Amino acid sequence: AALGWLEGRAGVFSEQAIRRGTPTSDLVEAGILTQRDGGNYSFSQPAVGAYLAARAMAASGPSEAVVRGGWPPAEAAVGFFAALSDAGPIVQRWMEAGRDALETGTLDAARLLRYASRKAAWRQTVLRALAQILQSHQRPYGLRLRAVDALVQAAEPTAAILFRRLLTAEAASTRLLSAVGLGGL
């Protein structure tokens, strides 16, 4: 039901979407589900629905409707999926599709860094792309600041090394951004 809830992007799901034998009344009583008009239900806390959907995706593979993002519970589900399974194909797709002036693919993939295992094969690709954005003083300052934020949010130990190294960069903007990054860590 949780994966269908995310794929539908309606915030509610019908009683028919719930697997037979599921104690729906117990879930409502426990506050996990909320009963709506017309025999529909919703998750009382969208994060619970996102986690349950991520578990379903870990068992069956990522759902296209969920991976495309644009809805906060779906984006949370992809983060939970990254913690439960290999998000490499999702990251690769985002980074290939999001090669635009705003680096949306890289920044979308960077949101998954805090959830994923430190040993995930795709981590280094995303971290390298963020470091390149940060070091390129020809890039817009706001984009570079977003790369700093992504590195800080990732809680990656190597980010501190990068920020310390960039304190001696020639460009003043790079030195300032590295100081901000160190302060954020």
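1. Concerning the environment of R111
Here is step 1: Checked against the element boundaries, R111 lands in the loop between helix 7 (104-110) and helix 8 (123-135).
Here is step 2: Given a relative accessible area of 31%, R111 falls into the partly exposed group.
Here is step 3: Separated by 33 residues in sequence, R111 and V78 have C-alpha atoms that sit 9.6 Å apart.
Here is step 4: What R111 contacts, discounting residues up to four positions off in sequence, is E75 and W94.

2. A few points about unusual backbone geometry
Here is step 1: Backbone geometry places E103, a non-glycine residue, at a positive phi of 50°.
Here is step 2: For E103, the position within the fold is in the loop between helix 6 (88-97) and helix 7.

3. Observations concerning the sheet that holds strand 3 (residues 40-43)
Here is step 1: With antiparallel pairing, three strands are arranged side by side in an open sheet as 1-3-2. The outermost strands of the open sheet, each flanked by one partner alone, are strand 1 (13-14) and strand 2 (33-35).
Here is step 2: Strand direction decides the pairing type here: strand 2 and strand 3, joined by three bridges, are antiparallel. Along strand 3, the bridge assignment pairs Q35 with Y41.

4. Some points on the packing of aromatic side chains
Here is step 1: Taken as a whole, this structure holds six aromatic pairs when the rule is applied.
Here is step 2: Aromatic rings pair up to connect W5, F13, Y41, F43 and W71 into one cluster.

5. Looking at helix 9 (residues 141-154)
Here is step 1: Compared with an ideal rise of 1.5 Å per residue, which puts 14 residues at 20 Å, helix 9 spans 20 Å between its outermost C-alpha atoms and is within 8% of the ideal.
Here is step 2: Within the sequence span of helix 9, burial applies to L143, R144, A147, V148, A150, L151, V152 and A154.
Here is step 3: Summarising the contacts, the buried residues of helix 9 are in contact with helix 7, helix 8, helix 10 (157-166) and helix 11 (172-184).

6. Some words on the side chain of R123
Here is step 1: Tracing the backbone shows R123 in helix 8.
Here is step 2: With near-sequence residues (within four places) excluded, R123 lies in contact with L113, A116, S117, R118, A154 and E156.

7. So, the packing of helix 8 against helix 10
Here is step 1: At a minimum axis distance of 12 Å, the contact between helix 8 and helix 10 shows a crossing angle of 20°. Considering the angle they form, helix 8 stands roughly parallel to helix 10. As for how helix 8 packs across helix 10, the hand of that crossing is right-handed. Taking contact as the criterion, the partners of A131, L134 and Q135 in helix 8 are, on helix 10, L162, F163, R165 and L166.
Here is step 2: For the contact of helix 8 with helix 10, the residue count by class is five nonpolar, one polar and one charged.

8. Comments concerning the packing of helix 10 against helix 11
Here is step 1: Following both chains from N to C, one finds helix 10 and helix 11 inclined at 145°, their axes separated by 8 Å at the closest point. For the crossing formed where helix 10 meets helix 11, the hand is left-handed. The residues of helix 11 that touch helix 10, namely those facing A160, F163, R164 and L166, are T174, R175, S178, G181 and L182.
Here is step 2: Of the residues contributing to the contact of helix 10 with helix 11, the split by class is four nonpolar, three polar and two charged.

Cut-offs and rules
- Position numbers for residues count from 1 along each chain, tracking the sequence in the order it is written.
- It should be noted that, the model being predicted, local features are given only for residues of pLDDT at least 70 and side-chain atom pairs only at 80 or more, the latter also being counted only at that level, while totals for whole chains, interfaces and linings use all residues.
- Only hydrogens and water are set aside when side-chain values are computed; all heavy atoms of the structure are taken into account.
- Comment: elements are numbered from the N terminus, with helices defined as DSSP H or I runs of at least four residues and strands as E runs of at least two.
- Throughout, exposure labels follow a simple rule: accessible area from a 1.4 Å probe, protein chains only, divided by the maximum for the residue type, with under 20% read as buried, over 50% as exposed, and the rest as partly exposed.
- The contact criterion used throughout is that any non-hydrogen atoms of two residues lie within 4.5 Å.
- When DSSP finds at least two bridges between two strands, those strands are taken to pair.
- Classification of ring pairs uses Phe, Tyr and Trp, with its six-membered ring standing for Trp, and accepts pairs whose centres are within 6.5 Å; under 30 degrees between planes counts as stacked, over 60 as edge-to-face, and the remaining range as tilted.
- In a helix, the anticipated span is given by 1.5 Å times the number of residues less one.
- Here, axes are lines fitted to C-alpha atoms. For helices the fit covers the stretch in contact, and angles between N-to-C directions go from 0 to 180 degrees.
- Our angle categories are set so that under 35 degrees counts as roughly parallel, over 145 as roughly antiparallel, 65 to 115 as roughly perpendicular, and the remainder as oblique.
- Rotating anticlockwise by less than a right angle from the far helix to the near helix defines a left-handed crossing, while the corresponding clockwise rotation defines a right-handed one.
- Any residue outside Ala, Val, Leu, Ile, Met, Phe, Trp, Tyr, Cys, Pro, Asp, Glu, Lys and Arg is labelled polar, Gly included; the first ten of those are nonpolar and the last four are charged.

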